[in-house]
Amino acid sequence: MKSEKIVYSKSSNCKFYYVVVVALMLFFAIFTAMKFPYTYITMEGDSFWISTWDFWLLKLTITPALTNWIADYLMQFYRWPFVAASIEALALGSVALLAHAVFLRITGSKRHFAWLGLLPAILLGFYCTFNFSFLLQSFFFFVFLYVFTLIPSFKGKLLMGLLTVPIGFFLMHTPILLILVILQALLILKYHGVKKSPYWLLPLIMLYFAPIIYSQQLAFIPFEKRYAGWSGYFDPLTSHYTRDGENLKKIICLANEGRWEDILYREHLRSLGQRGNITLLHYALLAESALGTLPDNLLDYPIREENQFLYPHERNYISLQFNRLFYLNLGVFDEAFHQAQEYSLQMVNGDCFSSLRQMVDYSIEEGEWEVADKYLRILAKSSCHKKFVEERRETMEAAKKTIKKDIPLRADNFVGGYPLPIEMLRLARYYGDTPYRKKMVDYAICSYILRGDANSFLIALNAFNTYTEKELPRAYKTYKEKITTGNN
Amino acid sequence: MKLRDYNRAFLRSSWYSGVKSGLLLLEKAQINLAFCSLIRNFAAQKHEMEEFFDMQKLIYIAGLLFVLVACSRREAKECSEAMPEIFPDYVGVTVPENICPMNFSVPECEHVRAIVENDRGEALNVSGSDHVEMPVNRWHELLKGAQEVKVTVSAWNQKHPDGVNYKPFTINIAKDKIDPWIAYRLLPPGYEGWNHMGIYQRNIECFDVEPIIENSQNNNGCVNCHSFANYSPRDFTFHARGENGGTIVMRDGKMWKVDIKAMSKGRHGSYNIWHPSKRYIAFSSNSTHQSFYGESKNKIEVYDLWSDLIVYDIDNEEVLQDERFTDSLNLEIFPSFSPDGKWLYFSTAHPVNMPMETDKLHYSIVRVPFDTETGKLGALDTVYSAYERGGTALMPRISPDGRYMLFSLGECGAFNLYHTESDLKMMDLDTGEMVETDIINSPRMESFHVWSSNGRWVMYVTKRFDGRYTRVMLAYWDGKRFHKPFLLPQKDPEDNTQLLMAYNVVEFITGPVIVSRDEMAKLFK
């Protein structure tokens, strides 16, 4: 029987291939780190990993559990873009090397075929750059395939084929596992002949039952995802990391840091917003508000209605991120907390580092020490938050001595319950004579300008004595002149 | 001999018994061994051991660890007259003898040891880094027949590097047992969305938790408002919202989906309660909304724009409606049957302009006679008048002996879960007098309360720990007064603080709900 005597041709002189792979890895790492740093930073913010049993149990509910768990662990380090790019380059490089080794073992002396090993890595690099879980699945796919080709005997191969399904189920999605098992079957056909091939029905049968058993014993897998479930993996458009672009990520990151001047001028957000890109328009107007220049520059923007100041009643990645910043800018920390919480629920784990970090800060602002402490304890169980936790604990201890907010039990200051100008004026009542109140009043006045509601505009102008006996900002002055001359 | 049989035979062997007896002797001698509890736990839980093949090797390893650790035993050198500050606070609480181990932590501690001793002199010696986890079987042996256990805690921390022995405290053991299983919903803490959520069941004699349904089974829709008939796990209902959702009813173990909305011409079922006969389920049908406060101690206001009361007759597959309780003149919510099934209690209020007039929304608790033969409702009787006594009274729950009504009292509004000021109150239905409940309340919210089947235990949720995340409390009612409540024990006490989910709709059940996950999911295909 020839199956027991197979001798695979040795790969020799592959140095050039290795050099190419290393060069491509370096290129990929440097290129993506330079080109997409904020996307990596955002990926870290959206990820979540803590060293608890509960978290592992949660990961079991999202197949492939182990790969997702490893991906989440590694994505903690994505806050440093070069580390992130290096991790991804390493994964891609490993895929290229493993694929090359597999091709070498399959094609024997025809080494030129082995160059095909670059193809999966290149495709992954192009289409799945920001889908690290899929990169890891691909890596495990080739590890299994390579190890399979190393086993000379049919019995050994059969044993590995049988192990591939239960182990692989924790590492790969079922469709990828199916391809792996089919490829294994083809290799059996090639090296051990037709007679041995029927044995490969066993792994296929196991693959059929694996999702059913997993669903009953570990975590339910919806019927439609048991044997399919890879929609979205190859479509970069479905990932908001690719779809929304690096520039928006950068603006969001800078906004989180409060660097409004930078994003408005250095990043040309003002001119971009003025060109009418809806998302950027939102951020440009928010930056103007944060800088206190909204009342001057409102009419420079193509804004048509008050709802373009934020995304009222929308719950998606863009709107929740923005609405949180909107209310943070106004010092409405409860609502910023709410939006951060909602944002985390959009993530696959139902929690994410960025939201937890934000909620720690908002809890401290609101004097909710126990909540802040809870989140800090959780963050302390991750790998990269030691400094953050220490700093916030110090902040909290200091805040305990100073913050004494007189917060009412209930108040008619509902967020999203009223039209924006009314909401702003109602909220303003609870914020004393602070910059927050002025921003709220400005939003109310600007909303009335956009509505063309002259009466309300004049009333709001006098609200809380914000603009009494002061020189009016440019937009207000222009509008007031308009209504005085009857051109409203 | 099969593999599994081999393990069982091994566990029955004298070798295993010898190890177990040795450990018992060591504990009785109160030798402080850091890994003693680990090994004991291992030896005690046979069913877990049976899963291992090479038991002999494992015992050798455990023995080796045992010897290594025995050399490094620690004794606290200082003594304190203070009680230990443990979390959860189990000092002086009253627990049922079938409750799971009351594991606790000592915050900011490097090493902690606890000796738990019953009134027969039997002791359990456990230790850990910052918390102790007690072996389940040994704990139950200790509590069986005991009136109280004394817990002596020693802790090593930065302040006491050589260790300190705190003043012992007692845990009182009630004669009355508690229902062994509970069901509850876990979800993100009350905002708009969710990612993972589900209805779960937990064996509170140990730490086993299983899902009854998770939202991955119903197209990621919301699952809510579960209730059980007569505490039976074979008779329960819940709602599944979203795609292909509906009201799921299981009676005598048979499960099906009901479209209440179609049967009642537009009124879907929300909060529900089973009639003891298992023939009827009373629902309130609510148009529920929520608004978020911009700056307030209460974070959310949940309210109904309209709400009605309907009764689903399972036998006749029809929804019974009474015009008095389906018109727009009043809001009706949180129905609850008396244990004899003769009365239907619920909360009702005049509608106001919500959410602006939350302060003016006050629910009273009323009851109507319930005709078990026809499902018809009788004349209205006010039990708690919010207009006379003040506040908003919600979620009436009648004790199994029919004498007491436990309810949640807030200042105003329709949903006390988000009202910091909400407390549990109890009325003696024979006298109309209020019963003292201060001991089970806190400055923060308490709500979603239920009675155990023997009427001796009350379970409810509270936000006392951080103000945002609800946790489950249990309290003993001895027929005259409530005893100090205790937080539902977890294997690792930190789970109480670190779980990023909130509990609600807690229910006692006499056993686990047994349902195939696929069978459940098929209802939503």
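Residues numbered from 1 in each chain as written. Chains lettered and ligands numbered in written order. Predicted model: local features only at pLDDT ≥ 70, side-chain atom pairs only at ≥ 80, totals over all residues.

### Description of the overall build of chain B
Point 1. Of the regular secondary structure elements, chain B holds 10 helices and 33 strands.
Point 2. Evaluated residue by residue, chain B yields a buried proportion of 49% over its 525 residues.
Point 3. Considering only residue pairs separated by 6 or more positions, chain B has 57% of its internal contacts joining residues 24 or more positions apart. (Helix = DSSP H or I, 4+ residues; strand = E, 2+ residues; numbered from the N terminus. Buried ≥ 20, exposed ≤ 12 C-beta atoms within 10 Å, placed from the backbone. Contact = placed C-beta atoms within 7 Å.)

### Overview of the nonpolar core
Grouped burial of nonpolar side chains is what soluble globular proteins tend to show.
Point 1. Within the largest apolar cluster, 272 residues are counted, with the highest numbers of intra-cluster contacts made by L92 and V95 of chain A together with M459 and V506 of chain B.
Point 2. At 14 residues, helix α5 (residues 81-107) of chain A tops the list of elements feeding residues into this core.
Point 3. With sequence-adjacent residues up to four places away left out, M459 of chain B is seen in contact with I182, H449, V450, V472, L474, V506 and F508 of chain B. (Core = buried A, V, L, I, M, F, W, Y, C linked by C-beta atoms within 7 Å.)

### A word on the pairing of strand β21 (residues 331-337) of chain B
Residues and elements named next belong to chain B.
Point 1. Burial runs high along β21: 7 of the 7 residues are buried.
Point 2. Direction of pairing for β21 relative to strand β22 (residues 343-349): antiparallel, over a ladder of 5 bridges. Its bridge partner being in β22, I333 is matched across the sheet by S347.
Point 3. Linking β21 to β22, which pair antiparallel, is a turn of 5 residues; within it G341 sits at a positive phi near 75°. (Pairing = 2+ DSSP bridges.)

### Re the interface of chain A and chain B
Point 1. Between chain A and chain B, the contact holds 37 residues from the first and 38 residues from the second.
Point 2. Those elements that provide at least two residues to the side of chain A that touches chain B are α3 (53-60), α11 (201-217), α20 (333-345), α22 (369-379) and β1 (414-415) of chain A.
Point 3. The element contributing the most residues to the side of chain A that touches chain B is α20 of chain A, with 6 residues.
Point 4. For the side of chain A that touches chain B, the per-class residue count stands at 16 nonpolar, 9 polar and 12 charged.
Point 5. Across 2 bridges, the pairing between β1 of chain A and strand β18 (residues 280-293) of chain B is antiparallel. Each residue of the ladder has a partner; that of V415 of chain A, found in β18 of chain B, is F292 of chain B. (Nonpolar A, V, L, I, M, F, W, Y, C, P; charged D, E, K, R; others polar.)

### With respect to the domain arrangement of chain A
Point 1. Here the domain parsing of chain A yields domain 1 (7-238), domain 2 (243-402) and domain 3 (420-484).
Point 2. A C-alpha centroid distance of 58 Å is found between domain 1 of chain A and domain 3 of chain A. (Domains from an automatic or database assignment.)

### Details of helix α7 (residues 118-127) of chain A
Residues and elements named next belong to chain A.
Point 1. Buried residues of α7: L118, A121, L124 and G125, and no others. One face of α7 carries all of its buried residues, which in axial projection span an arc of 135°. Opposite the buried face of α7, by more than 90 degrees, sit the exposed residues L119 and F126.
Point 2. For α7, the secondary structure elements touched by its buried residues are α1 (15-35), α5 and α8 (132-150). (Arc of directions from axis to C-beta.)

### Overview of the domain arrangement of chain B
Residues and elements named next belong to chain B.
Point 1. You can read the domains of chain B as domain 1 (3-70), domain 2 (78-174) and domain 3 (181-517).
Point 2. Taken together, the contacts link 20 residues of domain 2 with 19 residues of domain 3.
Point 3. Those elements that provide at least two residues to the side of domain 2 that touches domain 3 are β2 (94-96) and β3 (104-105).
Point 4. Here the side of domain 2 that touches domain 3 gets 3 residues from one element, more than from any other, and that element is β2.
Point 5. Within the side of domain 2 that touches domain 3, the residues separate by chemical class into 13 nonpolar, 6 polar and 1 charged.

### Considering the sheet that holds strand β26 (residues 404-410) of chain B
All names here are of chain B.
Point 1. Here we have 4 strands laid out as an open sheet, ordered β25-β26-β27-β28, and antiparallel in their pairing. Single-partner strands in this sheet number two, and they are β25 (392-398) and β28 (434-435).
Point 2. Where β25 meets β26, 5 bridges bridge the pair, whose relative direction is antiparallel. If you follow A393 over to β26, its bridge partner there is L409.

### Comments concerning the pairing of strand β23 (residues 364-369) of chain B
Residues and elements named next belong to chain B.
Point 1. Among the 6 residues that make up β23, 5 are buried, leaving the element largely enclosed by the rest of the structure.
Point 2. As defined by bridge partners, β22 adjoins β23 across 6 bridges and the pair is classed as antiparallel. Each residue of the ladder has a partner; that of S347, found in β23, is I365.
Point 3. Across 3 bridges, the pairing between β23 and strand β24 (residues 381-384) is antiparallel. Across the sheet, the residue bridging to V366 is T382, located in β24.

### Some details on helix α4 (residues 65-75) of chain A
Point 1. Among the residues making up α4 of chain A, those that are buried are A65, T67, N68, A71, D72, L74 and M75 of chain A.
Point 2. The inward-facing, buried residues of α4 of chain A abut α2 (37-46), α3, α5 and α8 of chain A.

### Brief notes about the packing of helix α17 (residues 278-291) of chain A against helix α19 (residues 317-329) of chain A
For any two helices packed against each other, the geometry comes down to the angle between their axes and how far apart the axes lie.
Residues and elements named next belong to chain A.
Point 1. As a packed pair, α17 and α19 sit with axes 10 Å apart at the nearest point and diverge in direction by 10°. Between α17 and α19, the angle is such that the two are roughly parallel. Listed contacts from α19 to T279, H282, L286, S289 and A290 of α17 are I318, F322, L325, F326 and N329.
Point 2. Taken together, the residues of the contact of α17 with α19 break down into 6 nonpolar, 4 polar and no charged. (Axes fitted to C-alpha atoms, helices over the stretch in contact; angles between N-to-C directions. Parallel < 35°, antiparallel > 145°, perpendicular 65-115°, else oblique.)

### A look at the sheet that holds strand β10 (residues 181-187) of chain B
Residue and element names in this part refer to chain B.
Point 1. Read across the open sheet, the 4 strands follow the order β12-β11-β10-β33; overall the sheet is antiparallel. Two strands bound the open sheet, and with one partner strand each, they are β12 (209-214) and β33 (502-509). If you compare each strand with its neighbour and ignore which way they point, the axes differ by 25° on average.
Point 2. As defined by bridge partners, β10 adjoins strand β11 (residues 198-203) across 6 bridges and the pair is classed as antiparallel. Counted as the bridge partner of I182 is R202 from β11.

### Description of unusual backbone geometry
Point 1. With an omega dihedral of -5°, the bond running from T63 of chain A to P64 of chain A counts as a cis peptide bond.
Point 2. Relative to the elements of secondary structure, P64 of chain A occurs in the loop between α3 and α4.
Point 3. A cis amide bond, omega 5°, links M354 of chain B with the succeeding residue P355 of chain B.
Point 4. By secondary structure assignment, the location of P355 of chain B is in the loop between β22 and β23.
Point 5. The phi torsion at F464 of chain A lies on the positive side, around 55°, for a residue other than glycine.
Point 6. Mapped onto the elements of the fold, F464 of chain A is located in the loop between α26 (454-461) and α27 (474-484).
Point 7. Positive phi, normally seen in glycine, also occurs at K265 of chain B, with a value near 55°.
Point 8. The topology assignment puts K265 of chain B in the loop between α7 (260-263) and β17 (272-274).

### Considerations on the packing of helix α21 (residues 353-366) of chain A against α22 of chain A
Residues and elements named next belong to chain A.
Point 1. Following both chains from N to C, one finds α21 and α22 inclined at 155°, their axes separated by 8 Å at the closest point. Classified by the interaxial angle, the pair formed by α21 and α22 is roughly antiparallel. Considering only the axes of α21 and α22, their crossing is left-handed. Where α21 approaches α22, its residues L356, M359, V360, S363 and I364 are matched on the opposing element by V371, A372, Y375, L376, I378 and L379.
Point 2. Along the lines of polarity and charge, the residues of the contact of α21 with α22 split into 10 nonpolar, 1 polar and no charged. (Left-handed = near helix turned anticlockwise from the far one by under 90°.)

### Thoughts on the confidence of the model for chain B
Point 1. Per-residue pLDDT for chain B averages 87, and the proportion of residues at 70 or more is 86%.
Point 2. Note on residues 1-55 of chain B: pLDDT is under 50 here. Beyond four places in sequence and across chains, it has 69 contacts. (pLDDT = per-residue confidence, 0-100.)

### Quick notes on the environment of D361 of chain A
Residue and element names in this part refer to chain A.
Point 1. For D361, the location among the structural elements is in helix α21.
Point 2. D361 sits in the partly exposed class, given 19 other C-beta atoms within 10 Å.
Point 3. When the C-alpha atoms of D361 and A372 are compared, they prove to be 7.4 Å apart, with 11 residues separating the residues in sequence.

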